[in-house]
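# Tertiary structure, described
Next come the chains, spelled out residue by residue.
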Amino acid sequence: MTTTVPKRTLSVLMNALSSGVVPRRGLEYIAVGRKKETETFVSDLEDTAEGGGAFRFISGRFGNGKSFMIQMVRNYALDRGFVTMDADLSINRRLTGSKKEGLNTYMELIKTMAVKTRPDGGALEPMLEIVADGIVEDLKASDMEIDQDSVFKKLTKMTESMSAMQHYRDFIKMITSYCIDHASEKDDIPSVRWFKGEYDSKNEVKRDLEISLLINDENWYDMIKLWAGFSRSVGYKGLVVFIDEGIVLYKLQSKQSRQNNYERLLTIFNDIMQGRSSYLSMYVCGTPEFIEDQNRGLYSYGALRSRLTTGRYENGYDNYLGPVINLRPLTNEELFVLLRTVKGLHEQRYDYTSEIDDQKMETYLRSVIANSVSPSLLTPREVTRDLISLLDTLHQNPGLRFDNLIHGRKVTPDADPADDIIEGLDI
């Protein structure tokens, strides 16, 4: 029996799947397989909440579930009190570059900052508002002046565990500045622009905020660490950062640009894995080529290759505890379960019962596999998108039948459809 899904979530879920993109909501209703991977991520979050963290690369072919996996982890983290940030790399958003590409990535991460009450991003100012309101209330209750000195002292006491971090004082000065401006109901708050990385020069920063620190390509990761510590200081469990489309770095034409980005990636990797950051985990997604290609991928950078290559004893076995998690393709049986779930959600959205039973669903999957270039290249994205297209067509054209739309050789399993579907799909 299909679980009843809230109408708005169902609409978002089905619209995304029909377009071949990963939905922000409702993933738990279609999650299939990935048990061992999920256990690893849950363990990472527990470590992060204890003051540690993790850095992992998630590897998989296009459409094989990387984005789906990180969105699942993101939703899980939000539900359990973490702050999250996420960004897709692009030609203008990288880890470092000569035209503020690293800063652009930071700006996207800040834009997508999310908490449980703001799961779609834009949580920066609401978080700061809550902190500012709390400090103002405390000061009023103690009959203290709401000025720079009293707010700064209050904040430094709240965040004393961060005091040794680089750029800590400037960061807290900007939180202080925000609290003062917010308390005076100022509309355009300069410190918000600073947090978002929108200042272009140190002179502008000094003029508006009386500090000299400009967020740029060189120090944006230091700011991410400060946000992780601050998140913990104000009641969250830590910060989880997701970076997708690592293949963008692999495709950079300039070898020097690739190497510069891989060097920055190595710096962040070492920092987190060696425990020099706290309450921070980061996940970077890419294709196997992005990681394993020895001419252009991460393996082309010796220091990264030595950290990411599989151990001599793995010998083809799965390892979900190392720095690289290779997402295996879903089995035919898991694809079948996924498709049956999607069919149920489609019926629920449009309030009808389709003619596609388990036998026809098996026929559909066999047809898709038979018509693919290689069964091993079949992805969940393709089969779910095509199934929704099939269901849409049948639902809107009552005269059509399933067999009219499935081309090629018709497959009629010898076994009754109620028999073992898994055995029937083992082709």
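Everything here concerns the structure above.
The shown structure was predicted, so the numbers you read here are calculated from the model rather than taken from an experiment. (Residues numbered from 1 in each chain as written. Predicted model: local features only at pLDDT ≥ 70, side-chain atom pairs only at ≥ 80, totals over all residues. Heavy atoms only, no water.)

### Structural notes on the overall build of the protein chain
In plain terms, the rule: What counts as a helix is a DSSP run of H or I of at least four residues, what counts as a strand is a run of E of at least two, and both are numbered from the N terminus. Exposed residues in this analysis have more than 50% of their type's maximum accessible area, buried residues have under 20%, and partly exposed residues fall in between, with area computed by a 1.4 Å probe over protein chains only. Whether two residues are in contact is decided by their heavy atoms: any pair within 4.5 Å suffices.
Each helix and strand in the protein chain was counted, giving 19 helices and 5 strands. Reported as C-alpha extents along the three principal axes, the dimensions of the protein chain are approximately 80 × 50 × 35 Å. When each of the 427 residues of the protein chain is scored for burial, the buried share is 49%. Of the contacts made within the protein chain by residues no fewer than 6 positions apart, 71% connect residues no fewer than 24 positions apart.

### Structural notes on the nonpolar core
Stated formally: Throughout, nonpolar core names a set of buried Ala, Val, Leu, Ile, Met, Phe, Trp, Tyr and Cys residues whose side chains join them through atoms within 4.5 Å.
Judged by nonpolar contacts, the single largest core of 78 residues is most densely connected at Phe-57, Phe-171, Trp-194, Ile-224, Trp-227 and Phe-290. With residues near it in sequence (within four places) discarded, Trp-194 still touches Phe-171, Met-174, Tyr-199, Val-205, Leu-209, Ile-211, Leu-213, Ile-215 and Met-223. In this structure, Leu-27, Ile-30, Ile-369 and Leu-387 belong to the second largest nonpolar core, which totals 31 residues.

### Concerning the environment of Glu-101
As for its position among the elements, Glu-101 is in helix 4 (residues 101–111). Along the sequence, Glu-101 and Leu-89 sit 12 residues apart, while their C-alpha atoms lie 9.4 Å from each other. The residues contacting Glu-101, other than those within four sequence positions of it, are Ile-91, Asn-92, Arg-93, Arg-94, Thr-96 and Asp-217.

### Quick word on the packing of aromatic side chains
Put simply, the test is: Stacked, edge-to-face and tilted are the three classes for Phe, Tyr and Trp ring pairs, Trp counted by its six-membered ring, which pair at centre distances within 6.5 Å; planes under 30 degrees apart are stacked, over 60 edge-to-face, the rest tilted. Two conditions define a charge located above a ring, namely a distance within 6 Å from the ring centre to NZ of Lys or CZ of Arg, and an angle within 35 degrees of the ring normal.
For the structure on display, the rule yields 11 aromatic pairs. On the basis of an interplanar angle of 85° and a centroid distance of 5.3 Å, the ring pair of Phe-41 and Tyr-283 is categorised as edge-to-face. Of this pair, Phe-41 sits in helix 2 (residues 35–49) while Tyr-283 sits in strand 4 (residues 280–286), and the two are 242 residues apart along the sequence. Of the two residues examined, Phe-41 and Tyr-283, each falls in the buried class. The ring of Tyr-76 carries the charged tip of Arg-80 above its face, separated from the ring centre by 3.4 Å.

### Notes on a positive patch on the surface
Operational definition: Candidate patch residues must exceed 30% relative accessible area and have no salt bridge, after which like charges are joined if within 9 Å and Val, Leu, Ile, Met, Phe, Trp or Tyr side chains if within 5 Å. All accessible-area figures derive from a Shrake-Rupley calculation using a 1.4 Å probe, and residue coverage is judged against the displayed protein chains alone. The working definition used for a salt bridge is a side-chain nitrogen of Lys or Arg within 4 Å of a carboxyl oxygen of Asp or Glu. For this count, His and the chain ends are skipped, Lys and Arg are scored as positive, and Asp and Glu as negative. Every charge is mapped to an atom, namely NZ of Lys, CZ of Arg, CG of Asp or CD of Glu.
Together, Arg-80, Lys-116, Arg-232 and Lys-237 line one region of the surface with positive charge. As for its position among the elements, Lys-116 is in the loop between helix 4 and helix 5 (124–141). Judged by relative accessible area, which is 52%, Lys-116 ranks as exposed.

### Considering the pattern of salt bridges
The tally for this structure, following the rule as stated, stands at 18 salt bridges. Here Lys-196 makes a salt bridge to Glu-125, at a shortest N to O gap of 3.5 Å. Taken as a pair, Lys-196 in the loop between helix 8 (190–195) and helix 9 (202–209) and Glu-125 in helix 5 lie far apart in primary sequence, 71 residues in all. Relative accessible area serves as the criterion here: at 32%, Glu-125 is assigned to the partly exposed category. When the shortest N-O distance is used, the salt bridge between Arg-193 and Glu-198 registers 4.0 Å.

### Some remarks on the packing of helix 15 (residues 332–350) against helix 16 (residues 358–371)
Let me state the cut-off plainly: Between the N-to-C directions of two axes lies an angle of 0 to 180 degrees, each axis being a line fitted to C-alpha atoms and, for a helix, fitted only over the stretch in contact. Oblique is the label for any angle not under 35 degrees, not over 145, and not in the 65 to 115 range, which are roughly parallel, roughly antiparallel and roughly perpendicular in turn. The hand of a helix crossing depends on one turn: near helix anticlockwise from the far one by less than a right angle means left-handed, and clockwise means right-handed. Polar here means any residue outside two lists: the nonpolar Ala, Val, Leu, Ile, Met, Phe, Trp, Tyr, Cys and Pro, and the charged Asp, Glu, Lys and Arg; Gly therefore counts as polar.
At a closest axis distance of 10 Å, the pairing of helix 15 and helix 16 adopts a crossing angle of 125°. As summarised for this structure, helix 15 and helix 16 are arranged oblique, according to the angle between their axes. Remark: the crossing between helix 15 and helix 16 carries right-handed chirality. The residues of helix 16 that touch helix 15, namely those facing Asn-332, Leu-335, Phe-336, Leu-339, Arg-340 and Lys-343, are Asp-358, Met-361, Glu-362, Tyr-364, Leu-365 and Ile-369. Classifying every residue of the contact of helix 15 with helix 16 gives 7 nonpolar, 1 polar and 4 charged.

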